[in-house]
Amino acid sequence: MADDTTQIRTLIERWAAAVHEGDLDTVLADHADDIVMFDVPPPENGVRGIGAYRETWPPFFEWQRQGAAFEILSLDVTAGDDVAFAHALLRCGTPKELEEDPANRLRLTVGLRKDDGRWIVTHEHHSFPDKT
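1. Some remarks on helix α3 (residues 50-64)
And then number 1: Its 15 residues give α3 an end-to-end C-alpha distance of 21 Å, which sits within 8% of 21 Å, the value for a rise of 1.5 Å per residue.
And then number 2: Looking at α3, one finds that the buried residues are I50, Y53, W57, F61 and Q64.

The following block contains the structure:
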């Protein structure tokens, strides 16, 4: 299981670095064709399928080019034989947003399954705390 945990940590760290760099091919790598994602922006019912998931990233990358951070601060992984989940806190925001609220964290939960000996992401959930 320790090797699985290391593989999953590496997969998520590689994904986060690709998000920060705007590298769509690497962001999509290791994701299931039937992925479901619940994200901060609409649609509130989430996106389903790798095509819909792919379409969510270009607007984020455009926002990211403003100098925004997307950095994992903590990451915990629990892995079984063929399913796993991870949760993380990330520093995510433009310099102005982070200056105004330096403690704000993006919460990330990832569900994975092992297909043919390879871990793939089947679910992502991104959220910020409700501060209203």
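2. Considering the pattern of salt bridges
And then number 1: This structure, assessed with the given rule, holds eight salt bridges.
And then number 2: Note that D34 is salt-bridged to R113, the shortest N-O span being 3.3 Å. Of this pair, D34 sits in strand β1 (residues 31-38) while R113 is found in strand β5 (residues 106-115), placing the two residues 79 residues apart along the sequence.
And then number 3: Residues joined in a network through salt bridges with shared partners are R14, D30 and R118.

3. Description of the packing of aromatic side chains
And then number 1: With the rule as written, the count across this model stands at seven aromatic pairs.
And then number 2: Clustering of aromatic rings is evident, with ring pairs tying together W15, Y53, W57, F60, F61, W63 and F70.

4. Observations concerning the environment of G49
And then number 1: Tracing the backbone through its elements, the reader meets G49 in the loop between β2 (47-48) and α3.
And then number 2: Owing to a relative accessible area of 15%, G49 belongs among the buried residues under this scheme.
And then number 3: Sequence spacing of G49 and M37 is 12 residues, and the spatial spacing of their C-alpha atoms is 8.7 Å.
And then number 4: Filtering out sequence-adjacent residues up to four positions away, G49 remains in contact with D33, D34 and I35.

5. Regarding the pairing of β5
And then number 1: Examined bridge by bridge, strand β4 (residues 83-93) and β5 share eight bridges and lie antiparallel to one another. Bridging across to β5, L89 finds its partner in R107.
And then number 2: Pairing geometry for β5 and strand β6 (residues 118-127), over nine bridges, is antiparallel. Residue R113 lies in a different strand from β6, and its bridge partner there is I120.

So, how was this worked out
- Residues numbered from 1 in each chain as written.
- Predicted model: local features only at pLDDT ≥ 70, side-chain atom pairs only at ≥ 80, totals over all residues.
- Heavy atoms only, no water.
- Helix = DSSP H or I, 4+ residues; strand = E, 2+ residues; numbered from the N terminus.
- Expected span 1.5 Å × (residues − 1).
- Buried < 20%, exposed > 50% of the residue type's maximum accessible area, 1.4 Å probe, protein only.
- Salt bridge = Lys/Arg side-chain N within 4 Å of Asp/Glu carboxyl O.
- Phe/Tyr/Trp six-rings, centres within 6.5 Å; stacked < 30°, edge-to-face > 60°.
- Contact = heavy atoms within 4.5 Å.
- Pairing = 2+ DSSP bridges.

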